[in-house]
Amino acid sequence: MNSSKRRPHRNGRGLFLGAVLGAVVGYFTGRVLGNPAMGIVLGVLAGAALLYRVNPGPWKRP
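Residues numbered from 1 in each chain as written. Predicted model: local features only at pLDDT ≥ 70, side-chain atom pairs only at ≥ 80, totals over all residues. Heavy atoms only, no water.

A. Spotlight on the packing of helix H1 (residues 12-33) against helix H2 (residues 36-53). At a minimum axis separation of 6 Å, H1 and H2 run at an interaxial angle of 150°. Crossing angle aside, the handedness with which H1 passes H2 is right-handed. From H1, Gly14, Leu15, Leu17, Gly18, Ala19, Leu21, Gly22, Ala23, Gly26, Tyr27, Gly30 and Arg31 reach across to H2, where they touch Pro36, Gly39, Ile40, Gly43, Val44, Gly47, Ala48, Leu51 and Tyr52. (Axes fitted to C-alpha atoms, helices over the stretch in contact; angles between N-to-C directions. Helix = DSSP H or I, 4+ residues; strand = E, 2+ residues; numbered from the N terminus. Left-handed = near helix turned anticlockwise from the far one by under 90°. Contact = heavy atoms within 4.5 Å.)

B. Up close: H1. For H1, which comprises 22 residues, the first-to-last C-alpha distance of 30 Å matches the rise-based estimate of 32 Å (1.5 Å per residue) to within 8%. Taken together, the buried positions of H1 are occupied by Gly14, Gly18, Gly22, Gly26 and Gly30. Buried residues in H1, looked at end-on, bunch into an arc of 100°, giving them a common side. Opposite the buried face of H1, at more than 90 degrees from it, the exposed residues are Phe16 and Arg31. (Expected span 1.5 Å × (residues − 1). Buried < 20%, exposed > 50% of the residue type's maximum accessible area, 1.4 Å probe, protein only. Arc of directions from axis to C-beta.)

Pasting the structure below:
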């Protein structure tokens, strides 16, 4: 395997986890600012984008 070519990883678990955590944080932030729905939308987008690139751990099942 050629290690000089790095394939971008697809991290479905990070995408899901980021969306859920982003929605929760976005809801409370949006509630403080007066618009919880917009906070949820922005939180989902930001959280999913961030945790999609960060590997939250192995996904190995026995």
